[in-house]
Amino acid sequence: MNRPVWWRAWLREWRLVYGDTSVLLVIAGGVLFYALLYPLPYHRNVPGEQAVAVIDQDRSALSRQLIRMADATPQVRIVARPWSDEQARMLLARGEAHGLLVIPEHFQRDLYLGRPTSLSYAGDASYFLIYGNVVQGLLTAGTTLGVEAQAMRALMQGESPMAIPGEVMPMRLVTKAVFNDDSGYIGYIVPAVFVLILHQTLLITAGCVTVRDRLRGGLGLTAPGLALPLRLSVFVLIYLLLAALYFGFFFHFYEVPRLAGKGALLLVATLLFVTTGLCALFMGQLLQRPEWPTVVVLVSSLPIVFTAGFVWPEADMPGWVRGLSWLAPAKPGIMALLKLNQMGAGLDAIRPELTGLVVQALGYGGAVVLMARRQAARA
């Protein structure tokens with residue numbers, strides 16, 4: 001086939017993209033809009049200064065000191081001091097407070113006398129990072145005050161207070177997240193969701209273009225047998241540029257760690273977009289209306305998120321769920337890029353994900369070829 005035919009076919013595929021307003025809206029608007037909008041709720045990254053209410057049943061100098069110490073921690077901000085459990089429950093129900101500290105009666109007396117006493121913590125566990133931070137802040141304040149009170153008691157009894165911290169807390173637990181240094185939302189959720197955004201929008205755009213072109217009867221007019229490969233190359237090129245924007249500028253903008261080498265990242269991204277593009281072409285050959293790829297993507301988004309392996313452990317999923325999740329290129333693509341870019345793994349460590357993408361590419365590619373030949377035979 002001579003060069004002019006190739007060139008006309010290439011230009012035709014580009015015209016199908018930039019001549020379709022809805023596709024341009026998803027590529028130029030949706031991808032960039034989500035890159036700015038989605039991380040916005042997590043801009044503070046670590047959920048500090050959470051609103052906490054305190055029921056002080058002791059009303060002593062020591063209980064007031066505990067309240068001041070809790071308010072001084074970076075995790076907690078005291079916003080109310082209700083007089084009853086009912087008032088505290090109303091604050092939690094209205095969202096005015098995310099946690100509750102209850103200081104019992106005789107708290108100061110029991111602490112100075114060395115008697116057992118307890119502080120009660122409660123909170124909204126719907127958001128585990130918020131709940132964990134509230135409990136950590138209150139526990140830090142309570143433990144610190146307990147050590148100070150016992151040291152004061154030992155001093156008044158003529159004992160050495162130096163051994164008190166070691167007796168109260170003989171072992172200290174220091175936690176450090178391995179792949180999320182600040183234990184925040186940005187490093188945890190944004191990289192995986194960025195991959196999902198690229199995956200889902202590629203399915204929508206390439207699928208819609210293929211459905212419309214097929215319904216118009218224009219598939220392969222200028223280059224029979226080359227329309228779909230050229231279309232795939234157009235979308236892969238577009239999304240490689242978008243991936244460079246996501247994993248380059250936006251990762252730097254949101255201060256997301258980047259550990260992958262450029263060559264390895266380009267290899268995995270290219271394989272992901274080729275596989276996703278073939279899946280989109282398969283959808284375009286299978287579905288009967290241009291809006292159906294969007295519906296399929298919207299319906300499948302949440303199941304993909306929860307079965308991709310970064311929200312819920314894959315080992316805790318039923319076998320049939322794990323099997324179905326490997327039908328979507330997003331599953332191996334997300335895990336491969338997370339291991340590569342966020343965990344610093346090499347290509348050997350992501351061999352199962354790369355193998356899964358190759359198998360999917362062969363499967364979807366073979367299905368596209370068979371369906372295109374069947375359509376050409378009917379024409």
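Please refer to the structure higher up on the page.
Anyway, here's the lowdown on the structure attached to this text.

Rules behind the numbers
Residues numbered from 1 in each chain as written. Predicted model: local features only at pLDDT ≥ 70, side-chain atom pairs only at ≥ 80, totals over all residues. Heavy atoms only, no water. Helix = DSSP H or I, 4+ residues; strand = E, 2+ residues; numbered from the N terminus. Buried < 20%, exposed > 50% of the residue type's maximum accessible area, 1.4 Å probe, protein only. Areas by Shrake-Rupley, 256 points an atom, 1.4 Å probe, with all protein chains shown as cover. Phe/Tyr/Trp six-rings, centres within 6.5 Å; stacked < 30°, edge-to-face > 60°. Pairing = 2+ DSSP bridges. Axes fitted to C-alpha atoms, helices over the stretch in contact; angles between N-to-C directions.

In this section: the overall build of the chain. For the chain, the count of helices and strands is 14 helices and 4 strands. Here the chain holds 379 residues, and the buried ones make up 45% of them. Here the chain displays about 20,300 Å² of accessible surface, and carbon together with sulfur accounts for 65% of that area.

With that settled, the discussion passes to the packing of aromatic side chains. Scanning the model with the defined rule gives 13 aromatic pairs in all. Considering the side-chain rings of tyrosine 239 and phenylalanine 273, the 6.0 Å spacing of their centres and the 55 degrees angle between planes classify their relative orientation as tilted. Pair noted here: tyrosine 239 is in helix 9 (residues 227–253) and phenylalanine 273 is in helix 10 (residues 262–286), with a separation of 34 residues, a long-range link. Given a relative accessible area of 1%, phenylalanine 273 falls into the buried group. An aromatic cluster of at least three residues, connected via ring pairs, comprises Phe194, Tyr246, Phe247, Phe249, Phe250, Phe251, Phe253 and Tyr254.

In space, the 4 strands of this open sheet follow the order 2-1-3-4, with mixed pairing throughout. Because the sheet does not close on itself, it has two edges, and the strands there are strand 2 (76–80) and strand 4 (120–123). Shown here is a sheet whose adjacent strand axes are inclined to one another by a mean of 30 degrees, direction ignored. Bridge count for strand 3 (residues 99–103) against strand 4 is 4 bridges, and the pairing is antiparallel.

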